[in-house]
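Structural overview for review
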Amino acid sequence: MDKRYSIHPTQAKQFSTEELRKNFLIENLFMPDEVSLCYSLDDRIIIGGVAPVETEVILEGSDVIKSDYFLERREIGIFNIGGPGKIAVDGKEFLMANRDCLYIGLGSREVTFISESAAEPAKFYLASAPAHKEYPIQHVAFEDIPGDEMGETEKANKRKIRRMIHQNGIQSCQLCMGMTELESGSVWNSMPPHVHDRRVEVYLYFDLPRGEILFHMMGEPSETRHLIMQNEQAVLSPPWSIHCGAATSSYTFIWAMAGENYTYEDMDKFPLTEMK
């Protein structure tokens, strides 16, 4: 399990491109028949990818979190961004079509990831946060969440936001997750920018065509930085940082938050004209 430490904004201002990428970018999430995990000390969120191809893959405990099994003191949200698959939780199976979401609460012992076909394997993206209360396992199909239309074509930010794990959806201790799809011709996300000191946020960008790139904006609003990202890469956004971006093509991203406030709308917006 990779480990990332908390970074102060004054420290981040001095980072080179390589240092920014080393501390905030998560690159190789989907390795065949492996679990890839990144542990961040910001809200102790864990981000990961599981890509079962030829074999079933089991999510196990780790010495990094001092647990006998992964969900001993944690909860987890999982999206499938690949082919059809299923997740077995303590022997009960949940079918996972493309973009379906599954929440698993505190205390579940055995979590196994399976692809229906090696020719079209599933790709499971996960986010996990510490939990203090058990909530029931719940599956939600992508097609059952209509989503909210936002943005404008004229501003190249027309998008649909689907909230899955949140205050008025799947219940959790502190985890909040959903998906945002940009329409063809739109490239900007999360503009105007915002911050929320109460919680960390992580973006997984995907559906970015081969050869295209994405510019993820970060840093304090008064002194921004950027990371150039490619398909199926994630980025840690610390509480003091904005998180918005634009790409050379339309794309989709999954957002995951954990921290002090569970309310999706909790954000402090920053005027575009004051960004530097």
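The rules behind the values
Residues numbered from 1 in each chain as written. Predicted model: local features only at pLDDT ≥ 70, side-chain atom pairs only at ≥ 80, totals over all residues. Heavy atoms only, no water. Buried < 20%, exposed > 50% of the residue type's maximum accessible area, 1.4 Å probe, protein only. Helix = DSSP H or I, 4+ residues; strand = E, 2+ residues; numbered from the N terminus. Arc of directions from axis to C-beta. Contact = heavy atoms within 4.5 Å. Pairing = 2+ DSSP bridges. Salt bridge = Lys/Arg side-chain N within 4 Å of Asp/Glu carboxyl O. Core = buried A, V, L, I, M, F, W, Y, C linked by side-chain atoms within 4.5 Å.

1. Notes on helix 2 (residues 17-24)
Within the sequence span of helix 2, burial applies to L20, N23 and F24. Buried residues of helix 2, seen end-on, are gathered within an arc of 80° and therefore sit on one face of the element. Opposite the buried face of helix 2, at more than 90 degrees from it, the exposed residues are E18 and K22. Residues of helix 2 that are buried in the fold lie against strand 1 (2-4), helix 1 (9-12), strand 2 (25-26), strand 19 (214-220), strand 20 (223-229) and strand 21 (233-237).

2. A closer look at the sheet that holds strand 14 (residues 159-165)
Across the sheet, seven strands lie side by side as 2-21-18-23-15-14-13; this open sheet has antiparallel pairing. Of all the strands in the sheet, the pair left with one neighbour each is strand 2 and strand 13 (148-150). Bridge count between strand 15 (residues 176-182) and strand 23 (residues 252-259): six bridges; the pairing is antiparallel. Pairing of E181 across the sheet is with T252, part of strand 23.

3. A look at unusual backbone geometry
The omega angle of the peptide bond from M191 to P192 is 5°, so this bond is cis rather than trans. Tracing the backbone through its elements, the reader meets P192 in the loop between strand 16 (188-189) and strand 17 (194-195). The backbone of D207 shows a phi angle near 60°, a positive value even though the residue is not glycine. Position of D207 among the secondary structure elements: in the loop between strand 18 (199-206) and strand 19.

4. Brief notes about the pattern of salt bridges
Where side chains of opposite charge bring their charged atoms close, a pairing between them can arise. Counted by the stated rule, this structure contains 16 salt bridges. For E93, the salt bridge is made with K86, and the minimal N-O distance between the two is 3.4 Å. Classification of K86 as buried rests on a relative accessible area of 19%. Look at the salt bridges and you will find they share partners, linking K13, E220, E223 and R225 into a network.

5. Thoughts on the nonpolar core
I47, Y125, M177, L204 and I254 are the most contacted members of the largest nonpolar core, which has 36 residues in total. Mapped onto this core, the elements with two or more residues apiece are strand 9 (101-104), strand 11 (124-130), strand 14, strand 15, strand 18, strand 21 and strand 23. Looking at which element gives the most residues to this core, the answer is strand 18, with four residues. The residues touching M177, leaving out its near neighbours within four places in the chain, are G77, F79, Y125, A127, R163, M164, I165, I254, W255 and A256.

6. Concerning the pairing of strand 18
Of all eight residues in strand 18, eight are buried; the element is thus mostly enclosed. Taking every second residue as pointing to the same face, both faces of strand 18 are buried, with R199, E201, Y203 and Y205 on one and V200, V202, L204 and F206 on the other. Pairing of strand 18 with strand 23 involves eight bridges; the strand directions are antiparallel. The residue bridging V200 from the neighbouring strand is A258, located in strand 23. Examined bridge by bridge, strand 18 and strand 21 share five bridges and lie antiparallel to one another. Paired with Y205 across the two strands is Q233, which belongs to strand 21.

Without other data, these values stay purely geometric and don't point to any function.
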